[in-house]
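Working through the structure, step by step
Single-letter residue listing:
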Amino acid sequence: MVDQPSALQSESIRGWKEISRYLGVSQRAAQMWEATQGLPVRRTGGARGSVYALKEDLDAWIRQEHAEVGQARQARALQSRRWRTALAGAGAVALAVAAWLTRHPGGAAAAEIRLEAEAAVGLDEQGRERWRTPLPAPDDRFRADPSRSRWLRVDLDADGRQEFLVVAAMGRQDLPQMAEVERHELVLLDQEGRVRWARTASCRVLDAGGKPFNGSWHVHAWTRAREGRRDRVWLGLGHALRFPGVVAELAPDGTLKPLFVNHGHVNALEVLEHNGKIKLLAGGATNALRGGFLAVLDPDAGLTKSPDGGPPRYRTAMEGGAPEAYLLIPAADLTLASGSDVNSVSWLQADGGNGVARAMLGGTACRLYIEFAFPLRPATARLSASCEMHHRQYEQQGLLRHGFDRCPDFRDPLNLQLWTPGQGWTEVQVRLATMQNDL
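All of the points below concern the structure found in this document. (Residues numbered from 1 in each chain as written. Predicted model: local features only at pLDDT ≥ 70, side-chain atom pairs only at ≥ 80, totals over all residues. Heavy atoms only, no water.)

Looking now at the pattern of salt bridges. Under the counting rule described, the total for this entry stands at 25 salt bridges. Put simply, Glu-116 and Arg-132 hold a salt bridge, and the shortest N to O gap is 2.9 Å. With Glu-116 in the loop between strand E5 (112–115) and strand E6 (119–123) and Arg-132 in strand E7 (residues 129–134), this pair connects stretches of sequence that are 16 residues apart. Arg-132 carries the same exposure label as Glu-116, and that label is buried. One network of salt bridges, in which partners are shared, links Arg-114, Glu-116, Glu-129 and Arg-132. (Salt bridge = Lys/Arg side-chain N within 4 Å of Asp/Glu carboxyl O. Helix = DSSP H or I, 4+ residues; strand = E, 2+ residues; numbered from the N terminus. Buried < 20%, exposed > 50% of the residue type's maximum accessible area, 1.4 Å probe, protein only.)

In structure tokens, the structure reads:
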């Protein structure tokens, strides 16, 4: 567009610097959007004249871009040359739109959301769509997998209004089978679909040599607790390529503060309340100690670490204290016969100071349920019926040389290992319910 200076209005924005600042992008990005996507910029005095834009034009343009990105029927258009050019030169338009929405009015308030490959969709109480907000992606090769993405209602900033915390599992479309290239993006949306912040899930953890574990982190679990006027949220993470796991607290600005570093992924989290205080129960795998683990953590005690053990490569150079308790579920014969040397706690349920944990034994469907009381005093345990089936299959294959009824790992009692700061490691025997008894 070419206009005379008299056409400038009170709601105009002068120069590329101010235009790009209003949009929340770089000057180069704004200039590329004008060339490739019709950003409504006006000029005075011909092609080389100064530039300006009307706020109402920019608002209308960005809302149109928002609508185009959000509509599922336009998914093919996102693959077009027009979009790829803009993404390559200026980053994802969806990310810039999300940044713009943090400063501009959004849609009507939503009661819940639905996650799609390109967007979070706000729904009212009747399930009607109220708004669409693009999900930020590392680049145009990534799309969210709704089946692995999750969301949670929270109030992180204590403003009395619920927000939507989204963990978007972003997969590479050109490498769909490679889980290690998956990226997990954290996005906080308000009820009107505005993006408060968007960050890649990441924690700074140092290996035994003092170097950070670079690369992607995956969010495997989360839990929350109400404290005062706001929600506290904790995430259980695992490194995509190497062994470490982390329990981290999510700050109101989206940063992650590590609270517990483990030599294996953290796959389950629950809140325990004991004597009026919040405790965390974490579960997962321990590569160093070859088993599954349960740990009781104090979220206000600073950084803690799992007990040292195993090869030095599984240790961390970070300074930290000890968890309140750490229970090891050693690898059983059935675990080793499956081709794995670790178990993994995959599910937790807490009820006051008591709880139940479910451990998967190696690469099998054998499930071990452990009931315990605070702080990790195991009371009883039981096996799923599939354990005997898998055991007999491995017997027939010659991978196990004893019958299920004579298996040393599945006799009553079950032997576990418990670590506490004052005593170190002690053996804990737990009554085991089997097909042959009535525990």
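Read from one edge of the open sheet, 10 strands run E17-E18-E19-E21-E26-E27-E25-E24-E23-E22, paired in mixed fashion. Each having just a single partner strand, strand E17 (266–274) and strand E22 (344–351) make up the two edges of the open sheet. Here the strands of the sheet are splayed against their neighbours by 25° on average, with no regard to which way each runs. Pairing between strand E18 (residues 277–286) and strand E19 (residues 291–297): seven bridges, direction antiparallel. When the bridges of E19 are listed, Thr-286 appears paired with Gly-291. (Pairing = 2+ DSSP bridges. Axes fitted to C-alpha atoms, helices over the stretch in contact; angles between N-to-C directions.)

All right, on to the sheet that holds E7 then. Two pairing modes exist for strands in a sheet, parallel and antiparallel, and in both the strands are linked by backbone hydrogen bonds. If you walk across this open sheet you meet the three strands as E5-E6-E7, and the pairing is antiparallel. The outermost strands of the open sheet, each flanked by one partner alone, are E5 and E7. For this sheet, the mean angle separating the axes of adjacent strands, direction not counted, is 25°. As judged from the five bridges shared by E6 and E7, these two strands associate in the antiparallel manner. By the bridge assignment for E7, Gly-122 is matched with Trp-131.

On to the nonpolar core. Membership of the largest hydrophobic core comes to 36 residues, with the highest contact counts inside it found for Leu-294, Leu-368, Leu-376 and Phe-410. The contacts of Leu-294, once residues within four sequence positions are left out, are Ala-282, Gly-283, Ala-325, Tyr-326, Leu-327, Val-345, Leu-348, Ala-357, Phe-372 and Leu-376. Grouped together as the second largest cluster of nonpolar side chains are 28 residues, Leu-156, Leu-165, Leu-206 and Val-261 included. (Core = buried A, V, L, I, M, F, W, Y, C linked by side-chain atoms within 4.5 Å. Contact = heavy atoms within 4.5 Å.)

It is worth spelling out the state of the cysteines at this point. The tally for this structure, following the rule as stated, stands at one disulfide. Across the disulfide, Cys-366 is cross-linked to Cys-387 (sulfur-sulfur distance 1.9 Å). Between Cys-366 and Cys-387 the disulfide shows an S-S torsion of about 90°. By sign, it is right-handed. Of the two residues, Cys-366 sits in the loop between strand E23 (354–360) and strand E24 (367–373) while Cys-387 sits in helix H7 (residues 386–396), which places them 21 residues apart along the sequence. Each member of the pair, Cys-366 as well as Cys-387, carries the same accessibility label: buried. Free cysteine Cys-407: the closest other cysteine sulfur is in Cys-366, separated by 9.4 Å. (Disulfide = S-S within 2.5 Å.)

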